[in-house]
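Now for the letters of each chain:
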Amino acid sequence: MVKEKKTDKRSVESNNKKSKLKAFNKSSSFFKDEKIKIAFGLIFIAIAIYLTIAMISYFFTWKVDQSKLDVEWNDFIFNSNVYAENWAGKTGAYFSYLFMHKWFGIASFFIVYIIGIISFKLLKLKIVSIWKSIKYSILIAIWLSLILGFIFYNSKFLPGGLHGYYLSKWLISIVGKAGTAFVIILYLFIFIIFAFKNSLQVIKSIVLRIFARSSIENIDFSDEIGDENLENVGEENNGSVAFDVEETKINNEINKDTEDEFVVKETLGDENDELKLSIENSRVEEKADKISNKPVGNYDPTLDLSTYKMPPIDLLKRHDLQNSSVTNEELISNKNKIVETLLNYKIEIDKIKATIGPTVTLYEIVPAPGVRISKIKNLEDDIALSLSALGIRIIAPIPGKGTIGIEVPNLKPEIVSMHSIISSKKFQETKFELPIGLGKTISNEAYVIDLTKMPHLLIAGATGQGKSVGLNAVLTSLLYKKHPAQLKFVLVDPKKVELTLYTKLEKHFLAMLPGEEEPIITDTQKVVNTLNSLTMEMDSRYELLKKARTRNIKEYNFKFIERSLNPENGHRYLPYIVVVIDEFADLIMTAGKEVEMPLARLAQLARAIGIHLVIATQRPTTNIITGLIKANFPARIAFRVMSSIDSRTILDSPGANQLIGRGDMLIAAGNEPIRVQCAFIDTPEIDNITEYITKQQSYPSAFMLPEYVDEGSEKVGEVDLKKRDALFEDAARLLVATQQGSTSLIQRKFSIGYNRAGRIIDQLEAAGVVGSFEGSKARQVLIPDDYSLEQLLNRIDQL
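Caption draft 1: Region of the structure containing the packing of aromatic side chains. Inspection of every chain in the model, using the stated rule, returns nine aromatic pairs. Considering the side-chain rings of Tyr-94 and Phe-95, the 5.6 Å spacing of their centres and the 80 degrees angle between planes classify their relative orientation as edge-to-face. Classification of Tyr-94 by relative accessible area gives buried; the value is 18%. Classification of Phe-95 as partly exposed rests on a relative accessible area of 31%. When the ring of Phe-95 is compared with that of Phe-99, the centres are 6.3 Å apart and the planes differ by 50 degrees; the resulting orientation is tilted. Of this pair, Phe-95 and Phe-99 both sit in helix 4 (residues 89-102), four residues apart, which is roughly one turn of the helix. With relative accessibility at 7%, the residue Phe-99 sits in the buried group. Put simply, the rings of Tyr-94, Phe-95, Phe-99 and Trp-103 touch in pairs and so form one group of aromatic residues. The side chain of Lys-481 reaches across the aromatic face of Phe-427, ending 5.5 Å from its centre.

Caption draft 2: Representation of the nonpolar core. Counting 107 residues, the largest nonpolar core has Leu-438, Phe-489, Leu-491, Val-578 and Phe-584 as its most contacted members. Counting residues per element, this core draws most heavily on helix 18 (residues 524-548), which supplies eight residues. Those residues in contact with Phe-489 that lie beyond four places of it in its chain are Leu-475, Leu-478, Leu-479, Phe-509, Leu-510, Ala-511 and Val-578. With 24 residues, the next largest nonpolar core counts Leu-734, Ile-752, Leu-792 and Leu-793 among its residues.

Caption draft 3: How the structure looks around the side chain of Thr-617. Mapped onto the secondary structure, Thr-617 falls in strand 15 (residues 611-617). Of note is the side chain of Thr-617, whose polar atom sits 3.2 Å from the backbone nitrogen of Arg-619. When sequence neighbours within four positions are dropped, the list of residues in contact with Thr-617 reads Ile-459, Ala-460, Gly-461, Lys-467, Glu-583, Phe-584, Ala-585, Ile-624 and Ile-625.

Caption draft 4: Examining the packing of helix 18 against helix 19 (residues 553-561) more closely. Between helix 18 and helix 19, the shortest axis-to-axis distance is 10 Å and the interhelical angle comes to 60 degrees. Judged on the interaxial angle alone, helix 19 and helix 18 are oblique. Crossing handedness for the pair helix 18 and helix 19: left-handed. Across the interface between the two elements, Arg-541, Leu-544, Leu-545 and Ala-548 of helix 18 pack against Ile-553, Tyr-556 and Lys-559 of helix 19. Of the residues assigned to the contact of helix 18 with helix 19, the class counts are five nonpolar, no polar and two charged.

Caption draft 5: How the structure looks around unusual backbone geometry. Residue Pro-455 is reached from Met-454 by a cis peptide bond, and omega for that bond is 0 degrees. Relative to the helices and strands, Pro-455 resides in the loop between strand 10 (446-450) and strand 11 (457-460). For Arg-549, which is not glycine, the phi torsion reads 60 degrees and is therefore positive. Examined against the element boundaries, Arg-549 turns out to sit in the loop between helix 18 and helix 19. Judged by its relative accessible area of 77%, Arg-549 falls in the exposed class. In this model, Asp-652 sits at a positive phi of 65 degrees, which is unusual for a non-glycine residue. Looking at where Asp-652 falls in the secondary structure, it is placed in the loop between helix 23 (644-651) and strand 17 (664-669). Taking the relative accessible area as the measure of exposure, Asp-652 reaches 48% and is therefore partly exposed.

Caption draft 6: Local environment of the layout of surface pockets. Roughly 1,100 Å³ of internal volume is contained in the largest pocket. What lines the largest pocket is a set of 34 residues, among which Leu-705, Pro-706, Glu-707, Ser-742 and Ser-744 lie closest to the centre. Looking at the lining of the largest pocket, the elements with two or more residues in it are helix 18, strand 19 (703-704) and helix 26 (743-750). Tallying contributions element by element places helix 26 first for the lining of the largest pocket, with five residues. Counted by class, the lining of the largest pocket contains 12 nonpolar, 11 polar and 11 charged residues.

Here is what the cut-offs are and how they apply
- Residues numbered from 1 in each chain as written.
- Predicted model: local features only at pLDDT ≥ 70, side-chain atom pairs only at ≥ 80, totals over all residues.
- Heavy atoms only, no water.
- Phe/Tyr/Trp six-rings, centres within 6.5 Å; stacked < 30°, edge-to-face > 60°.
- Buried < 20%, exposed > 50% of the residue type's maximum accessible area, 1.4 Å probe, protein only.
- Helix = DSSP H or I, 4+ residues; strand = E, 2+ residues; numbered from the N terminus.
- Lys NZ or Arg CZ within 6 Å of the ring centre and 35° of its normal.
- Core = buried A, V, L, I, M, F, W, Y, C linked by side-chain atoms within 4.5 Å.
- Contact = heavy atoms within 4.5 Å.
- Polar contact = N/O pair within 3.5 Å; in protein donor to acceptor, adjacent residues only side chain to side chain.
- Axes fitted to C-alpha atoms, helices over the stretch in contact; angles between N-to-C directions.
- Parallel < 35°, antiparallel > 145°, perpendicular 65-115°, else oblique.
- Left-handed = near helix turned anticlockwise from the far one by under 90°.
- Nonpolar A, V, L, I, M, F, W, Y, C, P; charged D, E, K, R; others polar.
- 1 Å grid on protein atoms, 1.4 Å probe; cavity = no way out; pocket = protein on both sides within 12 Å on 5 of 7 lines; lining within 4 Å.
- Points joined across faces, edges and corners; volume = space filled by probe spheres on them.

This is the structure we're talking about:
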């Protein structure tokens, strides 16, 4: 009986626990409902607005309402005979009295701020970090209440509330007024140091400025100038000090502009070869401070988008959290089957070990002395049969190890997420110029390559084997490492669906032809024009490298950043340009040599000037991947293909036909192919990354490539000058004034479309204002001055 009672009690307790757990689950699911969150978000916004009105009203009505509030809150709010002057009624009067008088005073507005950000969080309008905001708001509220209580210590109205009043009173009684002021300042400095990342450097620079200013104030200018020069300073100089320094044949006059900067004007020197600097005496100390503290630094290419932030890693999902590892039973079973199969053919081995990868496991065997490697190599199909595997690959021998490798697919392959690659130490700490994280090797290490060392990449594989995911891995890696000023993409997508996700990046990362509306190139003729435009850009960049006496883009940009190259001589910062072409086979079939020739030129020459090609195709046949293309693409990635012939076309060796698909790939970069499991990134993740970048400040437009016009398409003889454009004369005057015959200049200055600007330039050529098309160069302006132009326009009007 006793046992039965005990079991009954236990069953009752367990039932109670279950019922409580059910109730908790119901309540938690209630608050997870999106509609409930939105409802509470709106309620919190209403509360924040109501409290704001009540607290603002407190400044005007506190004298009248405060005398009524020295009672219990329920007596004040529910007593119908009591009225409040506060704009928010009695409830508003009570809460404003509570916050503004009894608590933190004016600093209580941070409470409203906290309520506001909580409401935004519930409405999924996350503007700032909620926990950081709460933490900093509380700390600022305490400090602000304290300083207001200290300043207005004897005031009837307490701006710092009773909190600030009593806290300052307590501090004054302990350390005095001077000590309290010191505590307030110390509190502020400690808060700034912990709240802002670069605060220590800013404080140091302020201290250094103060010391630099004091040292300049003690400079004795008479030692530099000379006593005889000081005697010549009089009323005729209007209080200015003259410095005479014998230096050069250039006379630099430094004048003060509206922003207290110096404008340097260069004129020829006089016979005495003197340099005269005239500085206002009243500004000597201030300007000397500016000169000493503001040296001409290096050029910063990212300055236009100085606030740009790289995408955070948490935008990527961790697909590998639910991966299952290879079991010991699977390893032992495969090892025994490999040994047994080899023994059947009288091949003995001395040692065998396994290296587990995400997709395949590498079994390294050391054969007994006297065993021929070719004999093991020929047993590939027999070993695959005994293991019941989808396809195995034998590496005989493994380079640099002296062993034979047998790659066996895992029963349950893992997913390698892009998150694991981007967050890896190898990718985060890489010094590569254009780092690309492709996936993980058999040894589970992140595989990162430098595109500048490749220097171009050919990706091939059958349909559905992972090429598009591979392209996304390439693009994502570069977006996580480069600033928009340092990198531009030219995206070619004949299928019109694979690369459209990156359209949002037009004004940040994309490059395009002038006058084009779509940033992603899908039309074959536009692809041809773009590739020819890139060859023009390549020639132009080589001219710049020649002038700068540098060999590659890295050396050139280093010189430009150090301000060793003058922009007035045509020099500019050169971003890397990565050309990504999806489904190359379609372009070759429709355009043939028109695509292949400029592509071959780029592949042969563009490496040194920072233009790199990434080409993908699902038809790895010899008529698509020609010998000319293969010769200039030493770095190749092969996903699974259907035959060893296709594998040889891509890699010059078999092996890609034995891959298992779903991102399994071989990478050949001039040496033995390496097996890598491609990192997986899903469409929503790409959307998150592009959306994050798009929300930030951008350039006014996409990066414009040189204007390219097909010579065969120009028929200037058909232009009728009697049907001139309304902007014809204005455009003519613009080109003569600037002496630049450029279609893009007309387009930009008059804010018109590219087609209209092209028609105007054709009319100007027919009229004799500009010369014919000259490839990468701007057209020559044939009219030297405005007078000659007016005479020409008068003759045209008489036609």
